[in-house]
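# Understanding the architecture of this molecule
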Amino acid sequence: MRLGLYVNLYADQADRPRLADAVEQVRLAEQAGFAWAVLGERHLHRPGYHEAVTSLAYLAAHTDRIGLATAGLIAPVHHPVMLAETLAHIDVLSGGRLTAGFVLGYRPEEFALYGTRPQERVSRFEECLELVTRLWTEDKVTHRGRRYSVEDAFLSPRPVQRPRPRIWNGGRVPAALERTAWTCDGWTTSFNETDEELPKKIALYRSFPRGPRSLGAEVIVCREGYAAPTTAQARTALEGPLRGLYDAYGDWKRTSADAARYAQPWEDIAARSVIGSTAECAERIGRYEEMGADGIVLRIQPPGMPQADALRAIEAFGALTSLTP
């Protein structure tokens, strides 16, 4: 089972513009055998949030082997040519370590910031990913679509990976799963998808036909994660910072269908997470493997968690026998 570390990109005036803590965590995760360092995208957040793509470039310069992934970039707000070019360059700079994960987005403020409308997000997403894929794999691209048009466009250099970097997409509803199966190579679940929901959704996702450019249908489960010598120690380290993050999510996700899940009791959160003693976490990881997951992305450090606590959890997950380099 491959593990990914979801990197904390939240910033404040004390650490801006440094990413020293993230670099220390990702380098430790690389040594521990994690498969990916995974970054998300957020805008209009106070006191700050580090930009994802440039942060990937920074992490590429400070690591050697670990995969560099996004989960995910808000595809409908970005111009596809710029997105394809910058991500291709990340793949070049890292020696072929990029996995590009996308989402539709849900915050009206972020769409307004980029001059787009939420009502257009599906059509923009579909055209964006089509253009990104074609620009990564074709010598010359002409496209006249509903949202974007390009004439004889090409990238130089193109990505190192052949035929291209893998593409992930997040989403919860059947239409999103069908779109992911046809357009992408992997599905990233929500962090709050319950264990009861997952097997049916995994089966549904893999039942949909894959498109002619698809490289597969892997399932990447996103989970809160904290491993410690005891369950009580894991809860003590994680609960306070995670509650702070979830309180903020209650406002950010007010337009999202899963907003109510951020106000649930700790027991409900723990039931859909990889939190506890090392033995308990190993058992949980095994359960997701049995469900059909190909990898698990762990959000170990919410804002407010001390760096030392995050490093201890990364080391603990690295010690699990189910973690493969």
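Structural notes, computed from the coordinates.

About the criteria used
- Each chain has its residues counted from 1, running along the sequence as written.
- Predicted model: local features are reported for residues with pLDDT of at least 70 only, side-chain atom pairs are reported and counted for 80 or more only, and whole-chain, interface and lining totals are derived from all residues.
- With hydrogens and water excluded, all non-hydrogen atoms of the structure serve as input to the side-chain values.
- The secondary structure listing takes helices from DSSP runs of H or I that are at least 4 residues long and strands from runs of E that are at least 2 residues long, numbered from the N terminus.
- The reference for a compact globule is 2.2 Å times residues^0.38; the radius of gyration itself is calculated from the C-alpha atoms.
- For every residue, the accessible area (1.4 Å probe, protein chains only) is compared with the maximum for its type, and the residue is labelled buried under 20%, exposed over 50%, or partly exposed between those bounds.
- Surface accessibility in these figures is a Shrake-Rupley result with a 1.4 Å probe; residues are shielded only by whichever protein chains are displayed.
- A positive count includes Lys and Arg, and a negative count includes Asp and Glu. His and the chain ends are not counted in either.
- Charge placement uses NZ in Lys and CZ in Arg. For Asp and Glu, CG and CD serve respectively.
- Note on contacts: a residue pair is in contact if any heavy atoms of the two residues lie within 4.5 Å.
- When DSSP finds two or more bridges between a pair of strands, those strands are recorded as paired.
- Residues belong to a common nonpolar core when they are buried Ala, Val, Leu, Ile, Met, Phe, Trp, Tyr or Cys residues joined through side-chain atoms within 4.5 Å.
- A pairing counts as a salt bridge when a side-chain nitrogen of Lys or Arg comes within 4 Å of a carboxyl oxygen of Asp or Glu.
- Like charges within 9 Å and nonpolar side chains (Val, Leu, Ile, Met, Phe, Trp, Tyr) within 5 Å are joined into patches, using only residues over 30% in relative accessible area that form no salt bridge.
- Expected span of a helix: the number of residues minus one, times 1.5 Å.

### A short note on the overall build of the protein
The helix and strand inventory of the protein stands at eleven helices and twelve strands. Relative to the 2.2 N^0.38 estimate, which gives 20 Å for 325 residues, the radius of gyration of the protein is 19 Å and therefore close to what a compact globule would have. With the C-alpha coordinates aligned to their principal axes, the bounding extent of the protein is approximately 60 × 40 × 35 Å. Put simply, the protein has 325 residues, and 57% of those count as buried. When the accessible area of the protein is evaluated, it comes to approximately 13,700 Å², of which 52% is carbon and sulfur surface. Both charge centroids of the protein, one from 39 positive and one from 41 negative side chains, sit 4 Å from each other.

### Regarding the environment of Leu-298
Tracing the sequence through the fold places Leu-298 in strand β12 (residues 295-299). Assessed through its relative accessible area of 0%, Leu-298 is described here as buried. Between the C-alpha atom of Leu-298 and that of Gly-105, which follows or precedes it by 193 residues, the distance is 21 Å. Once residues within four sequence positions are removed from consideration, Leu-298 is found in contact with Leu-3, Gly-4, Leu-5, Tyr-6, Arg-223, Glu-224, Gly-225, Val-274 and Phe-317.

### Some thoughts on unusual backbone geometry
A cis amide bond links Ala-71 to the next residue, Gly-72, at an omega of -5°. Going from Ser-156 to Pro-157, the amide bond is cis rather than trans, its omega being 5°. With respect to the element layout, Pro-157 can be found in the loop between β7 (149-153) and β8 (166-170). Even without glycine at this site, Leu-44 takes up a positive phi of about 55°. Relative to the assigned elements, Leu-44 resides in the loop between β2 (36-39) and α2 (52-61).

### Focus: the pairing of strand β1 (residues 2-6)
Across the five residues that make up β1, a large majority, four, are buried. Strand direction decides the pairing type here: β1 and β12, joined by four bridges, are parallel. Residue pairing for β12: Gly-4 is matched across the bridge by Val-297. As judged from the three bridges shared by β1 and β2, these two strands associate in the parallel manner. The residue of β2 that forms the bridge with Tyr-6 is Val-38.

### Some points on the nonpolar core
One finds Leu-87, Phe-102, Trp-136, Tyr-226, Ile-300 and Phe-317 to be the most contacted residues of the largest nonpolar core, which totals 99 residues. For Phe-102, the residues in contact, after removing those within four places along its chain, are Gly-72, Leu-73, Ala-75, Leu-83, Leu-87, Phe-125, Leu-129, Ile-167, Trp-168, Asn-169 and Gly-170.

### Describing the pattern of salt bridges
In the structure shown here, the tally under the stated rule is 23 salt bridges. Of the charged contacts in the structure, one is a salt bridge between Glu-218 and Arg-2, with a shortest N-O distance of 2.9 Å. Taken as a pair, Glu-218 in strand β10 (residues 218-228) and Arg-2 in strand β1 lie far apart in primary sequence, 216 residues in all. Taking relative accessible area as the criterion, Glu-218 reaches 9% and is therefore assigned buried. Overall, the relative accessible area of 31% leaves Arg-2 in the partly exposed class. With its nearest N and O atoms 2.3 Å apart, the salt bridge here joins Arg-312 to Asp-309. Separated by three residues within a single helix, Arg-312 and Asp-309 lie in helix α11 (residues 307-318), roughly one turn from each other. The partly exposed category is assigned to Arg-312, whose relative accessible area is 48%.

### Considerations on a nonpolar patch on the surface
On the surface, a cluster of nonpolar side chains totalling about 290 Å² of accessible area is made up of Leu-44, Leu-113 and Tyr-114. Assignment of secondary structure puts Leu-113 in helix α4 (residues 108-113). Relative accessible area serves as the criterion here: at 47%, Leu-113 is assigned to the partly exposed category.

### A word on the pairing of β7
Alignment of strand β6 (residues 141-144) against β7, held across three bridges, turns out to be antiparallel. Opposite Val-141, over in β7, you have Ala-153 as the bridge partner. In textbook terms, the turn of a hairpin is the stretch between consecutive antiparallel strands, and for β6 and β7 this stretch comprises four residues.

### Section: α11
The first and last C-alpha atoms of α11 sit 17 Å apart over twelve residues, in line with the 16 Å expected at 1.5 Å per residue. Among all positions of α11, only Gln-307, Asp-309, Ala-310, Leu-311, Ala-313, Ile-314, Ala-316 and Phe-317 are buried.

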